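Here's the letter readout for the chains.
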Amino acid sequence: MKITEYIAVLRENVKQARNQGKTIVLIPTMGFLHYGHLSMVEAARQGDEEHERNYIVMSIFVNPLQFGPNEDYDRYPRDLIRDSRLAQEAGVDLLFVPSVQEMYPEGESLTTVNVTKVSAELCGAHRPGHFQGVATVVNKLFNIVLPDVAYFGQKDYQQFIVIKQMVKDLNIPLKIALMPTIREADGLALSSRNSYLNPEQRKQAPVLFNSLRNAAELIQAGERNPEVILNTIEQRIRNESDGQIEYIEIRKAENLEKVEKINGSVVIALAVHFGSTRLIDNIIVEV
Ligand code: AMP
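Calculation criteria
- Residue numbering note: each chain is counted from 1, following its sequence as written.
- Residue-level local features of this predicted model are given only where pLDDT is at least 70; pairs of side-chain atoms are given and counted only at 80 or more, and the full residue set underlies all totals for whole chains, interfaces and linings.
- Side-chain figures throughout are based on the complete set of non-hydrogen atoms in the structure, without hydrogens or water.
- Here a residue is near a molecule or strand as soon as one of its heavy atoms is found within 4 Å of it.
- Pairing of N or O atoms within 3.5 Å defines a polar contact, subject to two protein rules: one partner must be a possible hydrogen donor and the other a possible acceptor, and residues neighboring in sequence count only if both atoms are side-chain atoms.
- Note that accessible areas follow from Shrake-Rupley with a 1.4 Å probe, and for residues the cover is restricted to the protein chains shown.
- Stacked, edge-to-face and tilted are the three classes for Phe, Tyr and Trp ring pairs, Trp counted by its six-membered ring, which pair at centre distances within 6.5 Å; planes under 30 degrees apart are stacked, over 60 edge-to-face, the rest tilted.
- In DSSP terms, a helix is any run of H or I states spanning at least four residues, a strand is any run of E spanning at least two, and both are numbered starting from the N terminus.
- Accessibility here uses a 1.4 Å probe with only protein chains present; expressed as a share of the type maximum, an area under 20% marks a residue as buried, one over 50% as exposed, and anything in between as partly exposed.
- A cavity, in this analysis, means grid points on a 1 Å lattice covering only the protein atoms where a 1.4 Å probe fits yet has no way out; a pocket is instead an open set bounded by protein on both sides within 12 Å along at least five of seven lines, and a residue lines either one if it has an atom within 4 Å of a point.
- Grid points are joined across faces, edges and corners, and a volume is the space filled by probe spheres set on the points.
- Residue ranges assigned to each domain were obtained from an automatic or database domain assignment.
- Here the rule is simple: two strands pair whenever DSSP picks up at least two bridges between them.
- Note on geometry: axes are lines fitted to C-alpha atoms, helical ones only across the stretch in contact, with angles between N-to-C directions running from 0 to 180 degrees.
- The contact definition used throughout considers only heavy atoms, calling two residues in contact when any of these lie within 4.5 Å.
- With the strands aimed away from the viewer, a crossover counts as right-handed if its path from the first strand over the helix to the second runs clockwise.
- Every helix has an expected span of 1.5 Å times one less than the residues it contains.
- Any residue that is not Ala, Val, Leu, Ile, Met, Phe, Trp, Tyr, Cys, Pro, Asp, Glu, Lys or Arg is counted as polar, Gly included; the first ten are nonpolar and the last four charged.
- Defined in terms of a 1.4 Å probe, buried area is the accessible area two parts forfeit on being brought together, summed over both.
- Here, a salt bridge means any side-chain nitrogen of Lys or Arg that lies within 4 Å of a carboxyl oxygen of Asp or Glu.

1. Structural notes on the site of the ligand
Now for step 1: Close to the ligand lie 16 residues; Met-30, His-37, Asp-156, Ile-182 and Leu-190 are nearest.
Now for step 2: In this structure, an oxygen atom belonging to the ligand sits 2.9 Å away from a main-chain N or O atom of Gly-153.
Now for step 3: Interatomic distance of 2.7 Å between a side-chain N/O atom of Asp-156 and an oxygen atom of the ligand.
Now for step 4: In the complex, 94% of the free accessible area of the ligand, which totals 480 Å², lies under the protein chains.

Below, the structure written as structure tokens:
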């Protein structure tokens, strides 16, 4: 595995791989790798153990642009030595670890990408500027790497929808693949932020997925009223944890529009604070 913090070095390596006829796969992350990240590498490596077909680029960049002033940019967990080992073992070809200076040489980006509507609500309503920061850095990464395909996790479902919309609106010539959420045995979605949880919070946190799964079962059993489903989730989280609910919403999976009645493919998404740790999760239900 090659590792570089420089855009020029990355471009040279990617160019060589492209000239060898390889498909360039990009997996953007903020590091502190867990199996949620590594499962995407495995998926790209599947059936290509000899590195003949795909050239996998993983980026690790804690992007200051997507953190609010009172968010956890400074304390976001970082461990590049461990990350490099895990990335190499998983089969990454090129690990791109740019500095803030390399990505934002002027200290800021005068140009930003703003994806309206799909960014406005859910997480976007509670994290002003977040999706603008995400769309801007992902657009930069797309221009730097010029991948054929980029992988994103369902765990951050709104982020996936925002990126998909950006790619469509700006005619960016690549495919976006949505990869399934990887969970702990008790249902908690893997997240670098889980490392912030104290033992009691960690014990309570699976209630998020348990309540989502239970909601999916109610829908499959015939319930079609979003309010009934949302109340059930809310009650369960309140009863079984000290988590402070930021939002619980049911939206059309395709474009995050509001739904009056549950029908077709919907996503149930939530954000809940455990102390100062903000956790998100979602489930997609098809009826
Ligand atoms: P992050 O490092 O948290 O910004 O995540 C980088 C990428 O990994 C994003 O596309 C996330 O959606 C994805 N990801 C994070 N956690 C998980 C998980 N538990 N399962 C699957 N994908 C994940």
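After presenting the structure, the write-up continues.
2. Focus: the packing of aromatic side chains
Now for step 1: Tallied over the full model, the rule gives five aromatic pairs.
Now for step 2: With a centroid separation of 6.1 Å and an interplanar angle of 45 degrees, the aromatic rings of Phe-61 and Tyr-104 are classed as tilted. Taken together, the residues span a long stretch of sequence, with Phe-61 in the loop between strand E3 (54-60) and helix H3 (80-90) and Tyr-104 in the loop between helix H4 (100-103) and helix H5 (123-126) at a distance of 43 residues.
Now for step 3: For the ring pair Tyr-157 and Phe-160, a centre distance of 5.8 Å and an interplane angle of 45 degrees mean the geometry is tilted. Here Phe-160 and Tyr-157 lie together in helix H7 (residues 157-169), a separation of three residues that amounts to about one turn.
Now for step 4: On the basis of relative accessibility, which here comes to 8%, the residue Tyr-157 falls in the buried class.
Now for step 5: Here the aromatic cluster, defined as three or more aromatic residues joined through ring pairs, consists of Phe-67, Tyr-73 and Tyr-76.

3. Let's talk about the layout of surface pockets
Now for step 1: In this structure, the second largest pocket encloses a volume near 330 Å³.
Now for step 2: Lining of the second largest pocket is provided by 17 residues; of these, Val-118, Ile-161, Gln-165, Glu-254 and Asn-255 occupy positions nearest its centre.
Now for step 3: By residue number, the principal contributor to the lining of the second largest pocket is H7, which donates six residues.
Now for step 4: Residues lining the lining of the second largest pocket come from more than one domain, with at least three contributed by each of domain 1 (2-179) and domain 2 (192-286).

4. Here's the deal with the sheet that holds strand E7 (residues 244-252)
Now for step 1: In spatial order, the strands read E7-E8-E9; together these three strands make up an open sheet with antiparallel pairing. Every interior strand has two partners, whereas the edge strands, E7 and strand E9 (277-286), have only one. Recorded for the sheet is a direction-independent mean angle of 10 degrees between the axes of neighbouring strands.
Now for step 2: Two strands pair when backbone bridges link them, and strand E8 (residues 265-274) and E9 are joined in this way by ten bridges, in the antiparallel orientation. Across the sheet, Ile-268 pairs through a bridge with Ile-283, a residue of E9.
Now for step 3: Sheet contacts for helix H9 (residues 207-220): E8 and E9; angle to E9, the most-contacted strand, approximately 20 degrees.

5. Examining the pairing of E3
Now for step 1: Counting buried positions over the seven residues of E3 gives seven, a clear majority of the element.
Now for step 2: Side chains Asn-54, Ile-56, Met-58 and Ile-60 project from E3 onto one buried face, and the interleaved Tyr-55, Val-57 and Ser-59 project onto a second face that is buried too.
Now for step 3: For the crossover from strand E2 (residues 23-29) across helix H2 (residues 35-45) to E3, the handedness is right-handed.
Now for step 4: Note that the unit made of E3, H3 and strand E4 (residues 94-96) has a crossover that is right-handed.

6. Observations concerning H9
Now for step 1: Helix length check: H9 (14 residues) gives 20 Å between terminal C-alpha atoms against 20 Å at 1.5 Å per residue, within 8%.
Now for step 2: Those residues of H9 not exposed but buried are Val-207, Leu-208, Phe-209, Ser-211, Leu-212, Ala-215, Ala-216 and Ile-219.
Now for step 3: Among the structural elements, helix H8 (199-204), helix H10 (226-240), E8 and E9 are those in contact with the buried residues of H9.
Now for step 4: Directly after H9, the chain includes Gly-222, whose backbone phi takes a positive value near 125 degrees.

7. Digging into empty space enclosed by the protein
Now for step 1: Counting across every chain of the model gives one cavity of 30 Å³ or more.
Now for step 2: In this structure, the largest cavity encloses a volume near 40 Å³.
Now for step 3: Forming the boundary of the largest cavity are Lys-155, Leu-188, Ala-189, Asn-194, Leu-208, Leu-279, Ile-280 and Asp-281.
Now for step 4: Broken down by element, the residue count for the lining of the largest cavity peaks at three residues, all from E9.
Now for step 5: Here the residues of the lining of the largest cavity are counted per class, giving five nonpolar, one polar and two charged.

8. With respect to the domain arrangement of the protein
Now for step 1: Partitioning the protein into domains gives domain 1 (2-179) and domain 2 (192-286).
Now for step 2: A separation of 26 Å is found between the C-alpha centroids of domain 1 and domain 2.
Now for step 3: The interface is formed by 21 residues belonging to domain 1 together with 20 residues belonging to domain 2.
Now for step 4: For the domain 1 face of the interface with domain 2, the top three residues by lost area are Arg-75, Leu-122 and Tyr-157, together amounting to 32%.
Now for step 5: Put simply, domain 1 and domain 2 have three salt bridges between them.
Now for step 6: Residue Glu-121 pairs with Lys-258 through a salt bridge whose shortest N-O separation is 3.2 Å.

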